[in-house]
Structures are given as C-alpha cells and as structure tokens.
Amino acid sequence: MSFFNAKEAAATANNRTEILKEINRIEAAIMTAVDSGQKEATIGPGATPPVVEGFTNSSTHYNAYSDPLNNQTDAHNVARAQMNEVIGNFQRLGYTVRREQYNNLNQFNWIVKW
C-alpha cells in the first residue's frame, strides 16, 4: 500500500462529504425553484424555508469568502477551496452562482440563477 499523493491529501483535507452535502442542498433548492417556475434559487439562512446547516451558516466559510486577505488560516483556506468546488460544480452545468451576506451576520446565502 502506498501513501496518498499531494492531490489526494488536499481532497481529503477538503472534507469531500461536506462538499457533496452542500451540492445536494443546492440541487434540492434548484429543483424546488424549477418546479415553481422560478429562474433563481436562494440557499441559506435567508431562504424560504431557511437552510440552517452547511457552509452558509459557518462563520469560517463567510470570513473566508468575504475577507480572504485577512483570513488565511488553514481552516479558511479549506473553506475557500470547498466553496470554490461547489461553485465550479454548478458553473460547469451553466448556472451563475454568487454569495450574498445575510442580515449583516457572519452568514451568507448562495444565489443560483439559470
């Protein structure tokens, strides 16, 4: 058995399960919005109903995206990589994805448009 390479180590450090859960939350919101004839979905604490778990409620994820120059810890770097992977997943499918601060808190909403 060989030791994992750098790419495998980085993927493991990014907590792949949490990335998949975040993608699944966004996919579910998109499906609900499509069924309602909408062309945009909001996922996070400002959604109806609010999403109370995942990256949008994490101050680490919020700080990593809102002020990357002052948030350079390993945890922030992992959070940034996780969010970039989520964004990339939906951009490859043709969606526009952005993050928006929620109620002046250290939380955000994903805004996904198609």
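Now for a look at the structure at hand. (Residues numbered from 1 in each chain as written. Predicted model: local features only at pLDDT ≥ 70, side-chain atom pairs only at ≥ 80, totals over all residues. Heavy atoms only, no water.)

Some points on helix α2 (residues 16–35)
Reasoning step 1: Along its 20 residues, α2 runs 29 Å from first to last C-alpha, staying within 8% of the 28 Å computed at 1.5 Å per residue.
Reasoning step 2: Among all positions of α2, only Ile19, Glu22, Ile23, Arg25, Ile26, Ala29, Ile30 and Ala33 are buried. Mapping the buried residues of α2 onto a view down its axis gives an arc of 155 degrees, with all of them on the same face. The exposed set on the far side of α2, more than 90 degrees from its buried face, consists of Leu20, Met31, Thr32 and Asp35.
Reasoning step 3: Of the surrounding secondary structure, the elements contacted by the buried residues of α2 are β1 (40–43), α4 (74–92) and β3 (108–113).
Reasoning step 4: With its phi angle positive at about 80 degrees, glycine 37 sits one or two positions after the end of α2. (Helix = DSSP H or I, 4+ residues; strand = E, 2+ residues; numbered from the N terminus. Expected span 1.5 Å × (residues − 1). Buried < 20%, exposed > 50% of the residue type's maximum accessible area, 1.4 Å probe, protein only. Arc of directions from axis to C-beta. Contact = heavy atoms within 4.5 Å.)

Examining the sheet that holds β1
Reasoning step 1: Pairing within the open sheet is antiparallel, and its three strands lie in the order β1-β3-β2. Two strands bound the open sheet, and with one partner strand each, they are β1 and β2 (96–101). Ignoring strand direction, the axes of neighbouring strands in this sheet form an average angle of 20 degrees.
Reasoning step 2: In terms of strand pairing, β1 meets β3 through four bridges, oriented antiparallel. In the strand pairing of β3, isoleucine 43 is matched with tryptophan 110.
Reasoning step 3: Contacting β1 and β3, α2 crosses the sheet at an angle of about 140 degrees to β1. (Pairing = 2+ DSSP bridges. Axes fitted to C-alpha atoms, helices over the stretch in contact; angles between N-to-C directions.)

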